[in-house]
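Below, each chain spelled out in residue letters.
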Amino acid sequence: MTTMTTTTTPQQTVLEARGVTMRFGGLTAVRNVDLTVSTGEIVGLIGPNGAGKTTFFNCLTGLYHPTEGTVAYKGTTLPPKPHLVTKAGMARTFQNIRLFANMTVLENVLVGRHTRTKEGLWSALLRGPGFRKAEAASEERAMELLKFTGLDHKRDHLARSLPYGEQRKLEIARALASEPGLLLLDEPTAGMNPQETRATEELVFAIRDKGIAVLVIEHDMRFIFNLCDRVAVLVQGEKLVEGTSDVVQGDERVVAAYLGTPFEGAPEDTALAEVQAAESHAAEDGTAGTAEAAEEGDAAQGDDDK
Amino acid sequence: MTNTETTPVVPLPANTARHLTTAGALITIASTFLSWTWTSAFPGDLTVYGYPAGLQIITLVTAALTLLLALTGYKSGALARLNPSRSNNPTALAALGTFGVVWFTAIAIAVDLGGLVNLDPGGYIAAVGALITATGALGLPLHRNTRDSLHTPDWAERPALAPVHRALHTLRLAKPPQARPTSTPEPWIDRLTITVGIALGLVVFTYGIGTDDNASETFIGYLIAITLTAIALHHSGALDRFTNATTRHKALSAVLAFVAAALFPFTQSNDHNANLGVNILIFATVALGLNIVVGLTGLLDLGYVAFLGVGAYAAALVSGSEFSRFSGVQFPFWAAALTGMAASLVFGVLIGAPTLRLRGDYLAIVTLGFGEIFRLAVNNMDGTSGPNLTNGPNGISRIPDLKVFGFNLGDAHTFGSFTLGRFANYFFLMLLFTAIVVLVFTRASNSRIGRSWIAIREDETAATAMGINGFRVKLIAFALGASLAGLSGTVMAHVNYSVNPQPYMFAGAAPPNSAFLLAAVVLGGMGTVSGPLLGASLLYLIPEKLQFLKNYELLAFGLALVLLMRFRPEGIIANRRRQLEFHDTGQLDIPEQQSLPDSTTGAATAPDATKAGA
């Protein structure tokens, strides 16, 4: 599935982050991270909880001012101001949905059009032909995006009244309304059921096919490895490894970061012995307890490793 | 919908109850043509036979409405339009309104004049009639909340307080379910509804403003009547029909509303009421300007009245008054208005630029501070404790009247049989400005910039991440609000002949001050056009008409605000967004033009049901 990239246009670097470091007082949340994304790519960013993924996102989109390092979009360095970043062509969604809850679905998307329109207060007050034309064009574009995300039949509903999955979609539609060259998705499938996750996957592919590069944070590994051409792993604020899904999946440091490294000594053997003892015990009692016992053994092992 | 039940409050057979209501209403109507008291000392002169006056007129209207609503229960077709919900709740509420007005009057007569002996037989007949109609109406099957569905507070569990709680929950009236209109009505019906509604509004408003300032009793009766009538119409669904019609014909409604407002001076023979009218308009217009800042952009500005002051002082300085620092300078009015606006705009930007970087509570505190700084600075710029600019606490007085196209607004003018005095002239000028501000508000709010204001109110971080330059957009809102206040200030300076620092404070006993302005916006309904206009009218009229409250005004005002925030936090006129925000009904908000054509069951049977019912 990941091989059907539409690489008709020559590869161009969309995002180039160099040496991004973010310190909060004594805590270094992100340390010297480099990342590039090219046109037509879907890049995943994974890492355990607290690894600094969202902080890194906030540095990229200007919500945080990185302590060190630069972020460049298509060769121009971005100032750390969120509205200028969006204007340049990078749009984002949020981990915990941040829609304009008391605006309608259509209005939400129209707000996303803000940087691509320029009618100010005077033209709103005078309502000349230019204003009407611009409003009509914005609405048409917004309706296209709502059709694209399958929300067009809900245009006049308040965003707050949408079900969860549709709120996520609306957030993506709103971000797309700013006509970005790079879309940053922060956990787009959090809280979704498998069908909704599949639908989101399709949506992300469709976005990529429009020529928009995507950078996505996610905890759902199946989603990430299905979707991404390249995956970067962030652990404790540092980039551990970057490569295709096979490379990342095979890297033992990644496994260690998620599951921990085994001790090189007795504790593991004892744990193993315990598991085996438990298993044989369970086999004697009957088959019911086996799975549980095995899990308990795993858990014990994990505890030992810390 | 298991939370509501259809039961009477007073256990009576439904038919008996209906007859009682009708009979009681008829008796009450008849009684208004009798004398209620022997002396004309009671305000309104209720002594005349054959001619209702004062509180009797209010009683007559509410009783007639009760009668009409009661008659809708007897399968009379033409009246059904008055009560689309076909519920008995409106009848009960109107009957309670009648009862409230009549018994308030009777008690007021007894208290004011010292004893029940002062009541004439007419007064007793009215009291009995009102009692009968109220009892009868409460015996009708009403839509009510079930006792279990209402929240029981902790204090109600104490034995001593339980009866109080039960008394408070006697009525438990719930808004009856409304049949969704099956099709949009013919445009002429909508236009007729709007015209009738606005005309009624004008009549009701004119009556309220026309009540004698010293007759607080009449005004209280008026308030009782309009409050309960409004709730009755709300329950009947007639109010919903009216609002739906106005949303379908926005331009027509706006034009008619302004025509009605322009007719107001012609209904008044007394220039004093025109003075009230123009002051209400000024107050309402400033509140509407504040609504851009507070209602749309969500910036809590506690020093807004300072911008009104800047506009007023700027206009006074260039008015040619001999007390002005520039006494030789007399701008034509259009130039003075622009000067006032420009001065407020400059102050708005100067105050906004540093403060708008703050959010929430901090912004409120800083604007409060700036508002007070304005007043103190103006107070001290008298040439001794500061530069000589504003003439200190004495202010700038003897501001000459305006001349517009050679038309002196200070003179009375006669049109046919109507004489329009000075304040009526200013009323028309101010009405023009109000129209401008309404236009600015609606156009700005429904555009790219207005959407970005609302987005910032909803979630500033997300708004900036969507490409909105938060600071710039907030500054535009702040400056626009300031300049609109300045525009109103220029008229205010001329209407009041003088400006002084006194009214431009944070909180005071009379409008305008920042607290009252904010209250007008919140009470009326944030983010709407009609809300602040209504809120401002109420907040101006009530202190003006209830003179006896003078010392307790702020107390009553605070109490009213607390009650309103408890029971209707979205304000009297709710914006659709805010209504949903505060009363999460769990229903999806489906706009009515898409009223599900495939749900044939409800749609097809409803008109038949209405016909059968009628």
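Residues numbered from 1 in each chain as written. Chains lettered and ligands numbered in written order. Predicted model: local features only at pLDDT ≥ 70, side-chain atom pairs only at ≥ 80, totals over all residues. Heavy atoms only, no water.

Comments concerning the overall build of chain B
Counting secondary structure elements, chain B contains 22 helices and six strands. Its C-alpha atoms give chain B a radius of gyration of 26 Å, within 12% of the compact-globule value 25 Å for 614 residues. Considering chain B as a whole, with its 614 residues, one finds that 48% of them fall into the buried category. Taking contacts inside chain B between residues at least 6 apart in sequence as the whole, the part at least 24 apart equals 76%. Carbon and sulfur atoms make up 66% of the accessible area of chain B, which totals about 27500 Å². Between the averaged position of the 36 positive side-chain charges in chain B and that of its 33 negative side-chain charges there is a distance of 7 Å. (Helix = DSSP H or I, 4+ residues; strand = E, 2+ residues; numbered from the N terminus. Rg over C-alpha atoms; globule rule 2.2 N^0.38 Å. Buried < 20%, exposed > 50% of the residue type's maximum accessible area, 1.4 Å probe, protein only. Contact = heavy atoms within 4.5 Å. Areas by Shrake-Rupley, 256 points an atom, 1.4 Å probe, with all protein chains shown as cover. Lys, Arg positive; Asp, Glu negative; His and termini not counted. Charge placed at Lys NZ, Arg CZ, Asp CG, Glu CD.)

Describing the overall build of chain A
When its secondary structure is counted, chain A shows 12 helices and 10 strands. Looking at chain A as a whole, 50% of its 306 residues are labelled buried. Carbon and sulfur atoms make up 51% of the accessible area of chain A, which totals about 14400 Å².

Focus on the packing of helix H7 (residues 216–236) of chain B against helix H19 (residues 530–545) of chain B
Residue and element names in this part refer to chain B. In the contact formed by H7 and H19, the axes pass within 9 Å of each other and the chain directions differ by 145 degrees. Facing Ser 216, Phe 219 and Leu 223 of H7, the residues of H19 in contact are Leu 541, Ile 542 and Lys 545. For the contact of H7 with H19, the class distribution of residues is four nonpolar, one polar and one charged. (Axes fitted to C-alpha atoms, helices over the stretch in contact; angles between N-to-C directions. Nonpolar A, V, L, I, M, F, W, Y, C, P; charged D, E, K, R; others polar.)

Side note on the pairing of strand E4 (residues 68–73) of chain A
Residues and elements named next belong to chain A. One ladder, built from five bridges, connects strand E1 (residues 13–24) with E4; its direction is antiparallel. When the bridges of E4 are listed, Thr 21 appears paired with Glu 68. Both E4 and strand E5 (residues 76–77) contribute to a ladder of two bridges, which runs antiparallel. Looking at the pairing, Tyr 73 lines up with Thr 76 of E5. Taken together, E4 and the strand that follows it, E5, pair antiparallel across an intervening segment of two residues, in which Lys 74 is found at a positive phi of about 50 degrees. (Pairing = 2+ DSSP bridges.)

Side note on a nonpolar patch on the surface
Residues and elements named next belong to chain B. On the surface, Trp 103, Ile 107, Val 111 and Leu 131 cluster together to form a nonpolar patch covering roughly 370 Å² of accessible area. Considering each element in turn, the nonpolar patch owes the most residues, three residues, to helix H3 (residues 89–113). Tracing the sequence through the fold places Ile 107 in helix H3. (Patch = residues over 30% accessible without salt bridge, like charges linked within 9 Å, V, L, I, M, F, W, Y side chains within 5 Å. Salt bridge = Lys/Arg side-chain N within 4 Å of Asp/Glu carboxyl O.)

Things to note about the packing of aromatic side chains
This structure, assessed with the given rule, holds 16 aromatic pairs over all chains. Judged by centre distance (5.1 Å) and plane angle (75 degrees), the ring pair of B:Phe266 and B:Phe418 falls under edge-to-face. Separated by 152 residues along the polypeptide, B:Phe266 in helix H9 (residues 250–267) and B:Phe418 in strand E6 (residues 418–420) bring together distant segments of the chain. On the accessibility criterion, B:Phe266 (29% relative accessible area) is partly exposed. These aromatic residues form a ring-pair network of at least three members: B:Phe205, B:Phe264, B:Phe266, B:Phe418, B:Phe427 and B:Phe428. Looking at A:Arg174, its charged tip hangs above the ring of A:Phe100, at a distance of 4.7 Å from the centre. The cationic tip of B:Arg357 hangs over the ring face of B:Phe471; the distance from NZ or CZ to the ring centre is 4.1 Å. (Phe/Tyr/Trp six-rings, centres within 6.5 Å; stacked < 30°, edge-to-face > 60°. Lys NZ or Arg CZ within 6 Å of the ring centre and 35° of its normal.)

Description of the layout of surface pockets
Regions of empty space are outlined by a rolling probe, equal in size to a water molecule, passed over the atoms. When its volume is computed, the second largest pocket comes out at roughly 560 Å³. Lining the second largest pocket are 23 residues; nearest its centre among them are A:Trp122, A:Leu125, B:Met341, B:Leu480 and B:Ser483. Taken together, the elements giving at least two residues each to the lining of the second largest pocket come down to helix H4 (121–126) of chain A together with helix H12 (333–355), helix H14 (422–445) and helix H17 (470–495) of chain B. Partitioning the lining of the second largest pocket into residue classes produces 21 nonpolar, one polar and one charged. (1 Å grid on protein atoms, 1.4 Å probe; cavity = no way out; pocket = protein on both sides within 12 Å on 5 of 7 lines; lining within 4 Å. Points joined across faces, edges and corners; volume = space filled by probe spheres on them.)

What to know about the interface of chain B and chain A
A common way to state how big an interface is: give the accessible area lost once the parts meet. Counting residues at the interface gives 36 residues for chain B and 36 residues for chain A. Buried surface at the junction of chain B and chain A, summed over both partners, amounts to about 3400 Å²; 58% is from carbon and sulfur atoms. Together, B:Arg448, B:Arg451 and B:Met466 form the three largest contributors to the area buried by chain B at its contact with chain A, with a combined 25%. The interface formed by chain B and chain A contains two salt bridges. (Buried area = accessible area lost by both parts, 1.4 Å probe.)

Brief notes about the UniProt feature "domain: ABC transporter" (unreviewed entry) in chain A
Residues annotated in UniProt with the feature "domain: ABC transporter" (unreviewed entry) correspond here to residues 15–261 of chain A. Spanning residues 15–261 of chain A, this segment combines 40% helix with 24% strand, and its end C-alpha atoms are found 33 Å apart. (UniProt positions renumbered as here; feature names shortened; annotations may be inferred.)

Observations concerning the nonpolar core
One finds B:Val499 and B:Tyr504 to be the most contacted residues of the largest nonpolar core, which totals 100 residues. Per element, the largest residue contribution to this core is 13 residues, and it comes from helix H10 (residues 271–296) of chain B. Counting contributing residues, this core receives three or more from each of domain 1 (4–148 + 185–247) and domain 2 (270–507) of chain B. The contact partners of B:Val499, leaving out residues within four places of it in the chain, are B:Ala312, B:Tyr313, B:Ala316, B:Asn394, B:Gly395, B:Ile396, B:Ile399, B:Ala493 and B:Tyr504. In this structure, A:Ala177, A:Leu183, A:Leu203 and A:Phe205 belong to the second largest nonpolar core, which totals 41 residues. (Core = buried A, V, L, I, M, F, W, Y, C linked by side-chain atoms within 4.5 Å. Domains from an automatic or database assignment.)

Digging into helix H20 (residues 553–567) of chain B
Residues and elements named next belong to chain B. For H20, built from 15 residues, the straight-helix expectation of 21 Å at 1.5 Å per residue is met to within 8% by its first-to-last C-alpha distance of 21 Å. Taken as a whole, H20 has its buried residues at Glu 553, Phe 557 and Leu 564. Buried residues in H20, looked at end-on, bunch into an arc of 30 degrees, giving them a common side. Opposite the buried face of H20, by more than 90 degrees, sit the exposed residues Leu 555, Leu 559, Val 562 and Arg 566. Buried residues in H20 make contact with helix H18 (514–524) and H19. (Expected span 1.5 Å × (residues − 1). Arc of directions from axis to C-beta.)

Remarks on the pattern of salt bridges
Residue and element names in this part refer to chain A. Enumeration over the complete set of coordinates arrives at 29 salt bridges over all chains. Measuring nitrogen to oxygen at the nearest pair gives 2.8 Å for the salt bridge that ties Glu 201 to Arg 198. One end of the pair, Glu 201, and the other, Arg 198, are both in helix H7 (residues 194–209), three residues apart, so they sit about a helical turn from each other. The exposure class of Glu 201 is buried, given its relative accessible area of 3%. Looking at Arg 198, the relative accessible area reads 38%, which means it is partly exposed.

Points about the confidence of the model for chain A
All names here are of chain A. Of all residues in chain A, 84% attain a pLDDT of 70 or more, and the chain-wide mean is 84. The low-confidence segment residues 1–8, where pLDDT is below 50, has 13 contacts with residues more than four positions distant or belonging to other chains. Contacts of residues 287–306 to residues separated by more than four positions or lying in other chains number 13 contacts, the stretch itself having pLDDT below 50. (pLDDT = per-residue confidence, 0-100.)

Brief notes about the sheet that holds E4(A)
Residue and element names in this part refer to chain A. In space, the four strands of this open sheet follow the order E2-E1-E4-E5, with antiparallel pairing throughout. Every other strand in the sheet has two partners, leaving strand E2 (27–38) and E5 as the edge strands with one partner each. When E1 meets E2, the two strands line up antiparallel, connected through eight bridges. Counterpart to Ala 17 in the pairing with E2 is Leu 35. Against the sheet, helix H1 (residues 53–60) contacts E1, E2 and E4, and its axis sits at roughly 115 degrees relative to E1.

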